[in-house]
Amino acid sequence: MLTITMKSFAALIVLSILGGCSSSASVQLTSDFPKVLAKPKALSAAVVFEPSFATYIAKPNTKTVIDMGAAQVRLLRNAFTGLFGRLEFVGSREEITIDNAMVIIPSVREVQVSTPSENYQNVFEVWIKYNLDLESTAGESIDSWFMPAYGKTPDAFMASKSAAIEQAAIIALRDAGAKLILDFYRIPSVNNWVTEEQERVRQVNIKPKDNAEVSP
Amino acid sequence: MRPTKRLISVLFSAVLAGCSATTTIDEYRPTSEAIELNADEQVVILGRRDAGHYETDREFISCVASKMRGADIGVLPEQEFIDAIYPWFEPRTAPKGLSRLKRLMQDTSIKAEVDKRAVRYLVWLDGSTETLDSNGSMSCAVGPGGGGCFGFAQWDKLSVYEAIVWDLQDLTEKGRLRVDSEGTSYLIGAVAPIPFLSPVKDDACASLGNQLKSFFSITPATQ
């Protein structure tokens, strides 16, 4: 009986060592992201998380799978609250109910992963290349913004490849949130849209006063 | 028999002596006076992570933080601070100089979060531990009758870390420290592999933590 236990124990140890040395990684990102500390503008936006984006599973190479759809939706929902005062999150363009909003359709162009054996450095790296299609509610294109994000994590002795890639991917997602907050309103076409939208709101607010003066 | 024993003990002592690390600390402070920290104020230690080829590892930051906590200095965990003011201290957005810090602290919501946590000083840690050189070889084999490792390997490690202290109230730099720690580790394969590891990183952490502790002087909490 003891021999069986010892054999099982030895097999378990060998399996866990082999698992730790495994060159493939399958990762599901489940972490939450902190609330953004940013003042949103008094503007409206509808963010369309298409099913292909919300359930996105990245396969940067034959040995790596990153299930990141739900995590990137959580991240962007959080990040956009720091940009727009009025937000609507929908699954398709047809579900949008708010008017005069910027319609934002995010998509993933590419995910790349680099390991210490590839980059000859002691770090695991993840690049996520996003594309944000920006449109008016009428369907006119405002811009198509390329938004790359990067995360890296140090290689640790005996740490698994999956854990390192998961950590690097989470850092890359946080970086995407940071880039969005930092650069979104710096895009010239977005800045123009903001100016036009603020002018339109100003005109709408002036009109009732004009009518009040005319009416008896 | 005696000379053999003596020889073994001499060899053993030589190997152990070789495992020790040599640590040097450089310090710069604009004034020799201690940095005043109220008992109700905290320090946060953050790692620089914007360099391309290395990362200031979280383990080292936790180690330095634990050394400072040992001196009754309130240390806010790194991740708690970074999360509280997300996304302004991410690798992409973290201030690299005082001018950027001043601009950040002009934002009332960021300042409010810093004040809420009573963070008075920010310590930036930047550096890494690298293997410089390695020699020798070790081969291990396992067979039906058993297994073992034979050979000899050695490697040199170098830890270089820099700490910069920023005052979040005055928005000034209060001082900087640099620690260099170097040592050689050995692995002897005599059936079982016997490691003699040089505590390069631990020495760097202890030296940096103790020196940083001496920067601060705790004053009783203000009412």
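Figured I'd write up the structure that's included with this text. What you are looking at is a predicted structure, and each value in this text was computed from that prediction instead of being measured.

Moving on: the overall build of chain A. A tally of regular secondary structure across chain A gives 6 helices and 8 strands. In chain A, the succession of α and β elements from N to C terminus is α-β-β-α-β-β-α-β-β-α-β-β-α-α. Every one of the 216 residues in chain A was classed for burial, and the buried ones make up 31%. Summarising the internal contacts of chain A: among those between residues at least 6 apart in sequence, 71% fall at separations of at least 24.

In terms of regular secondary structure, chain B is built from 6 helices and 8 strands. N-terminal to C-terminal, the α/β element order of chain B is α-β-β-β-α-β-α-α-α-β-β-β-α-β. For 223 residues, the compact-globule estimate of 2.2 N^0.38 gives 17 Å, and the C-alpha radius of gyration of chain B, at 22 Å, exceeds that figure by more than 25%. Projected onto its principal axes, the C-alpha coordinates of chain B cover approximately 75 × 35 × 25 Å. The buried share of chain B, reckoned over its 223 residues, is 27%. Taking the contacts inside chain B whose residues are at least 6 apart along the sequence as the reference set, 74% of them involve residues at least 24 apart.

A separate point is the packing of helix α2 (residues 58-69) of chain B against helix α6 (residues 200-215) of chain B. Residues and elements named next belong to chain B. At a closest axis distance of 8 Å, the pairing of α2 and α6 adopts a crossing angle of 40 degrees. The angle between α2 and α6 falls in the class oblique. Viewed along their axes, α2 and α6 form a crossing whose handedness is right-handed. The residues of α6 that touch α2, namely those facing Phe60, Cys63, Val64, Lys67 and Met68, are Lys201, Cys205, Ala206, Leu208, Gly209, Asn210, Leu212 and Lys213.

A separate point is helix α5 (residues 161-183) of chain A. With 23 residues, α5(A) should reach 33 Å at 1.5 Å per residue; the first-to-last C-alpha distance of 32 Å fits that figure. Within α5(A), 19 of the 23 residues are buried, which leaves it mostly tucked inside the rest of the structure.

Counting residues in each nonpolar core, the largest one holds 88 residues, and the members touching the most others are A:Ile165, A:Ala169, B:Ile45, B:Val64, B:Val123 and B:Leu125. Looking at this core element by element, the count peaks at 12 residues for α5(A).

Moving on, we get to the sheet that holds strand β2 (residues 41-48) of chain A. All names here are of chain A. An order of β5-β2-β6-β7-β8 is seen for the 5 strands of this open sheet, with the pairing classed as mixed. A strand with exactly one partner marks an edge of an open sheet, and here the two such strands are β5 (84-90) and β8 (141-154). Across the sheet, the mean angle from the axis of one strand to that of its neighbour is 25 degrees, orientation sign disregarded. Most of the contacts of α5 go to β8, to which it runs at about 140 degrees, and overall it touches β6 (102-114), β7 (123-136) and β8.

It is worth spelling out the packing of helix α3 (residues 69-80) of chain A against α5(A) at this point. Residues and elements named next belong to chain A. For the pair α3 and α5, interaxial distance at closest approach is 10 Å and the crossing angle is 25 degrees. Comparing their axes, α5 and α3 come out roughly parallel. The way α3 lies across α5 gives a crossing that is right-handed. Contacts between α3 and α5 pair Ala71, Gln72, Leu75, Asn78 and Ala79 from the former with Leu173, Ala176, Gly177, Leu180 and Ile181 from the latter. The class makeup of the residues in the contact of α3 with α5 is 7 nonpolar, 3 polar and no charged.

This brings us to α6(B). For α6(B), which comprises 16 residues, the first-to-last C-alpha distance of 23 Å matches the rise-based estimate of 22 Å (1.5 Å per residue) to within 8%. Of all the residues in α6(B), the buried ones are B:Val200, B:Lys201, B:Ala204, B:Cys205, B:Ser207, B:Leu208, B:Gly209, B:Leu212 and B:Phe215.

Let's shift gears to the interface of chain B and chain A. Contacts between the two partners involve 16 residues from chain B and, on the opposite side, 17 residues from chain A. Among the elements that make up the side of chain B that touches chain A, the one with the highest residue count is helix α5 (residues 108-116) of chain B (3 residues). In terms of residue class, the side of chain B that touches chain A is made up of 7 nonpolar, 3 polar and 6 charged.

What follows covers the pairing of β2(A). Residue and element names in this part refer to chain A. For β2 and β5, the ladder comprises 6 bridges, and the chain directions are parallel. The partner of Val47 across the bridge, within β5, is Phe89. Pairing geometry for β2 and β6, over 3 bridges, is parallel. Its bridge partner being in β6, Ala45 is matched across the sheet by Met102.

Each strand in a sheet pairs with its neighbour through backbone hydrogen bonds, running either in the same direction (parallel) or in the opposite one (antiparallel). Residues and elements named next belong to chain A. Ordered by their spatial adjacency, 3 strands build an open sheet running β1-β4-β3, and the pairing between neighbours is mixed. Edge positions in the sheet fall to β1 (25-28) and β3 (57-61), since each of these pairs with one other strand and no more. Adjacent strand axes in the sheet meet at a mean angle of 15 degrees when their direction is disregarded. Here β3 pairs with strand β4 (residues 64-67) via 3 bridges, running antiparallel. Bridge pairing links Asn61 to Thr64 in β4. Across the sheet, α5 lies against β1 and β4, angled at about 45 degrees from β1, the strand it touches most.

Moving on to the environment of B:Gly151. Residue and element names in this part refer to chain B. Turning to its location among the elements, Gly151 is positioned in strand β6 (residues 146-167). Spatially, the C-alpha atoms of Gly151 and Gly183 are 20 Å apart, while their sequence positions differ by 32 residues. Leave out the neighbours within four places in its chain, and Gly151 touches Gly136, Ser137, Met138, Ser139 and Gly189.

Another aspect to go through is unusual backbone geometry. As a rule of thumb, non-glycine residues mostly have phi less than zero, and peptide bonds are mostly trans rather than cis. Here B:Tyr86 and B:Pro87 are connected by a cis peptide whose omega angle stands at 5 degrees. The residue B:Pro87 is located in the loop between α3 (78-84) and α4 (98-105) in this model. The backbone of A:Asn100 sits at a positive phi, close to 50 degrees, despite the residue not being glycine. A positive phi angle, near 55 degrees, is found at B:Leu171, a position not held by glycine. For B:Leu171, the position within the fold is in the loop between β6 and β7 (172-196). Exposure remark for B:Leu171: the 14 C-beta atoms within 10 Å place this residue in the partly exposed category.

Cut-offs and rules
Residues numbered from 1 in each chain as written. Chains lettered and ligands numbered in written order. Predicted model: local features only at pLDDT ≥ 70, side-chain atom pairs only at ≥ 80, totals over all residues. Helix = DSSP H or I, 4+ residues; strand = E, 2+ residues; numbered from the N terminus. Buried ≥ 20, exposed ≤ 12 C-beta atoms within 10 Å, placed from the backbone. Contact = placed C-beta atoms within 7 Å. Rg over C-alpha atoms; globule rule 2.2 N^0.38 Å. Axes fitted to C-alpha atoms, helices over the stretch in contact; angles between N-to-C directions. Parallel < 35°, antiparallel > 145°, perpendicular 65-115°, else oblique. Left-handed = near helix turned anticlockwise from the far one by under 90°. Expected span 1.5 Å × (residues − 1). Core = buried A, V, L, I, M, F, W, Y, C linked by C-beta atoms within 7 Å. Pairing = 2+ DSSP bridges. Nonpolar A, V, L, I, M, F, W, Y, C, P; charged D, E, K, R; others polar.

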